[in-house]
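Geometric and topological summary
Chain by chain, the residues:
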Amino acid sequence: MQLPAKLSRYAAVATLLLKHRSAMDDHDGAGAEQLARDLERLGPTFVKLGQLLSGRSDILRPRTSRR
C-alpha cells in the first residue's frame with residue numbers, strides 16, 4: 001500500500017528522530033556524521049534544521065575531544 005506523500009514524509013521524520021534519539025547524549029560526535037547524511041537525504045529543509053540544531057548546545061551537545 002502506498003502512503004500519501006505527506007504521510008510518508010512524516011514517517012521519514014519519525015524514523016530519523018527515533019534513529020538518532022541518542023544524539024543528545026553523544027559526547028564524542030560519533031553519530032553526528034550519520035545524522036548529517038540522513039538530514040541531507042531528506043532535503044534542504046532538513047539540512048536547515050540541522051544547521052539550526054548545530055548552534056543549540058542545550059539540545060545537541062558539542063563534540064568533546066578524545067584523550
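Attention in this report is confined to the structure presented alongside it. All values derive from a computational prediction rather than experimental measurement.

Here we take up the overall build of the protein. The secondary structure content of the protein amounts to three helices and zero strands. Ordered by position from the N terminus, the helices and strands of the protein form the series α-α-α. Within the protein, the proportion of its 67 residues that are buried is 18%. Contacts in the protein between residues at least 24 apart in sequence constitute 53% of all its contacts with a sequence separation of at least 6. As presented, the protein carries roughly 5,600 Å² of accessible surface, and 58% of it is formed by carbon and sulfur atoms.

In this section: the pattern of salt bridges. Scanning the entire structure with this criterion turns up one salt bridge. One salt bridge in this structure joins lysine 19 and aspartate 38, with 3.0 Å as the shortest N-O distance. Of this pair, lysine 19 sits in helix α1 (residues 5-19) while aspartate 38 sits in helix α2 (residues 32-42), placing them 19 residues apart in sequence. According to the relative accessible area criterion, lysine 19 is partly exposed, its value standing at 48%.

How each quantity is defined
Residues numbered from 1 in each chain as written. Predicted model: local features only at pLDDT ≥ 70, side-chain atom pairs only at ≥ 80, totals over all residues. Heavy atoms only, no water. Helix = DSSP H or I, 4+ residues; strand = E, 2+ residues; numbered from the N terminus. Buried < 20%, exposed > 50% of the residue type's maximum accessible area, 1.4 Å probe, protein only. Contact = heavy atoms within 4.5 Å. Areas by Shrake-Rupley, 256 points an atom, 1.4 Å probe, with all protein chains shown as cover. Salt bridge = Lys/Arg side-chain N within 4 Å of Asp/Glu carboxyl O.

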